[in-house]
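Residue-level listing of the chains:
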Amino acid sequence: MKKYLWIIIVIKLATLSAGALSEELPYYQDGAFTPYWLSKGEVDLTSFHKIPAFSFTDQSGNTITQSDLDGKVYVAGFFFSTCPGICPTIRSKLIKVQDTFANDENVKIVQHSIRPTTDTTEILQAYAKKNGINNQQWYLLTGDKAEIYSLAKTFYFASEDLGNVQKNKDFLHTESLLLIDENKHIRGIYNGLNAASVDYLIQDIKTLRHQK
């Protein structure tokens, strides 16, 4: 995966240097994260990998399902509120994403807690308030741990070379961020610790929004 990620970064760097939006973004089908560069109408995307139905609770106590993200572009990631390591750095980068698209209600940030038993709604609301997170734009999701981990591993491929190796069947949080399009397809993977990578993410969000 890292090999492909660096190839994509080089391509995006050339595009950014030219000051233009990318014309196309790849699709990702499985945990190998091989990019598929597909033209419109080239394949039947209804059979391509998609993020499935889910139901979790956000920091405001609202139930968030896949229908809340219908027709929207969103950035997906994983965290826990007491994380002293990579999470604060990733959060600072996501604040830039939030601020860039503050006036676009069709761009969301979705972070799933990997410690949902301790990340209660009340704790996540305090976390959001403390860190300048807009509750309408950025969902901090908690819920059943087995369901979160299943979604992470099976559909976001979070255990496939995205972060640390799993130990004792536990899912370790990752620095990777995924870009999901309005049809629930994975369209990009980015290092949330790297400012340049997050700049590519912002550029790719603009590309998807421009193509609507």
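Please refer to the structure placed before this passage.
Here's a quick rundown of the structure. Every value quoted in this text rests on a predicted model; they were computed, and no experiment measured them.

Focus: the environment of Leu140
Point 1. Structurally, Leu140 can be placed in strand β7 (residues 138-141).
Point 2. Judged by its relative accessible area of 0%, Leu140 falls in the buried class.
Point 3. Sequence separation of Leu140 and Tyr127 is 13 residues, and the distance between their C-alpha atoms is 9.3 Å.
Point 4. In this view, Leu140 contacts Thr57, Asp58, Gln59, Phe79, Gln111, Leu124, Tyr127, Ala128 and Ile133; residues no more than four positions away in its chain are not counted.

Some points on the pattern of salt bridges
Point 1. Tallied over the entire structure, the rule returns four salt bridges.
Point 2. Put simply, Lys184 and Asp70 hold a salt bridge, and the shortest N to O gap is 2.7 Å. Here Lys184, found in the loop between β8 (176-180) and β9 (186-191), pairs with Asp70, found in the loop between β4 (63-65) and β5 (73-79); they are 114 residues apart in sequence, far enough to count as distant.
Point 3. For Lys184, a relative accessible area of 8% corresponds to the buried category.
Point 4. The class of Asp70 is partly exposed, set by a relative accessible area of 44%.
Point 5. Here Asp181 makes a salt bridge to Arg187, at a shortest N to O gap of 3.0 Å.

With respect to the packing of aromatic side chains
Point 1. Evaluation of the coordinates by the stated rule reveals seven aromatic pairs.
Point 2. With 5.6 Å between their ring centres and 50° between their planes, Tyr28 and Phe33 make a pair best called tilted.
Point 3. When the centroid spacing of 5.5 Å and the interplanar angle of 40° are considered together, the rings of Phe79 and Tyr127 count as tilted. Pair noted here: Phe79 is in strand β5 and Tyr127 is in helix α3 (residues 121-130), with a separation of 48 residues, a long-range link.
Point 4. For Phe79, a relative accessible area of 1% gives the class buried.
Point 5. Grouped by ring-pair contacts, the aromatic residues Tyr27, Tyr36 and Phe48 constitute a single cluster.

Observations concerning α3
Point 1. Leu124, Tyr127 and Ala128 are the residues of α3 that are buried. Buried residues along α3 cover an arc of 100° about the axis, so they all sit on one side. Seen from the open side of α3, the exposed residues pointing more than 90 degrees away from its buried face are Glu122, Lys129 and Lys130.

As for the sheet that holds β8
One key point about sheets: their strands pair by backbone hydrogen bonds, in either a parallel or an antiparallel sense.
Point 1. The five strands lie next to each other as β7-β6-β5-β8-β9, forming an open sheet whose pairing is mixed. Both edges of this open sheet fall to β7 and β9, since each of them pairs with a single strand only. The mean inter-strand angle of the sheet, taken between neighbouring strand axes irrespective of direction, is 20°.
Point 2. In terms of strand pairing, β5 meets β8 through three bridges, oriented antiparallel. Across the sheet, Val75 pairs through a bridge with Leu179, a residue of β8.
Point 3. On the sheet, helix α2 (residues 86-100) packs against β5, β6 (107-113), β7 and β8 and is oriented at approximately 160° with respect to β6.
Point 4. Relative to the sheet, α3 contacts β5 and β7, its axis offset from that of β7 by approximately 145°.

Overview of the environment of Gln29
Point 1. Looking at the element boundaries, Gln29 is found in the loop between β1 (27-28) and β2 (35-36).
Point 2. When the C-alpha positions of Gln29 and His185 are compared, they lie 8.6 Å apart, and in sequence the two are 156 residues distant.
Point 3. Apart from the residues lying within four places of it in its own chain, the contact partners of Gln29 are Tyr36, Ser47, Phe48, His49 and Phe157.
Point 4. At 2.8 Å, the side chain of Gln29 forms a polar contact with the backbone nitrogen of His49.

Here's the deal with the nonpolar core
Point 1. Ranked by internal contacts, the top residues of the largest apolar core, which has 54 residues, are Val97, Tyr156 and Ile205.
Point 2. With residues near it in sequence (within four places) discarded, Ile205 still touches Val73, Val75, Val97, Phe101, Val107 and Leu179.

Thresholds applied
Residues numbered from 1 in each chain as written. Predicted model: local features only at pLDDT ≥ 70, side-chain atom pairs only at ≥ 80, totals over all residues. Heavy atoms only, no water. Helix = DSSP H or I, 4+ residues; strand = E, 2+ residues; numbered from the N terminus. Buried < 20%, exposed > 50% of the residue type's maximum accessible area, 1.4 Å probe, protein only. Contact = heavy atoms within 4.5 Å. Salt bridge = Lys/Arg side-chain N within 4 Å of Asp/Glu carboxyl O. Phe/Tyr/Trp six-rings, centres within 6.5 Å; stacked < 30°, edge-to-face > 60°. Arc of directions from axis to C-beta. Pairing = 2+ DSSP bridges. Axes fitted to C-alpha atoms, helices over the stretch in contact; angles between N-to-C directions. Polar contact = N/O pair within 3.5 Å; in protein donor to acceptor, adjacent residues only side chain to side chain. Core = buried A, V, L, I, M, F, W, Y, C linked by side-chain atoms within 4.5 Å.

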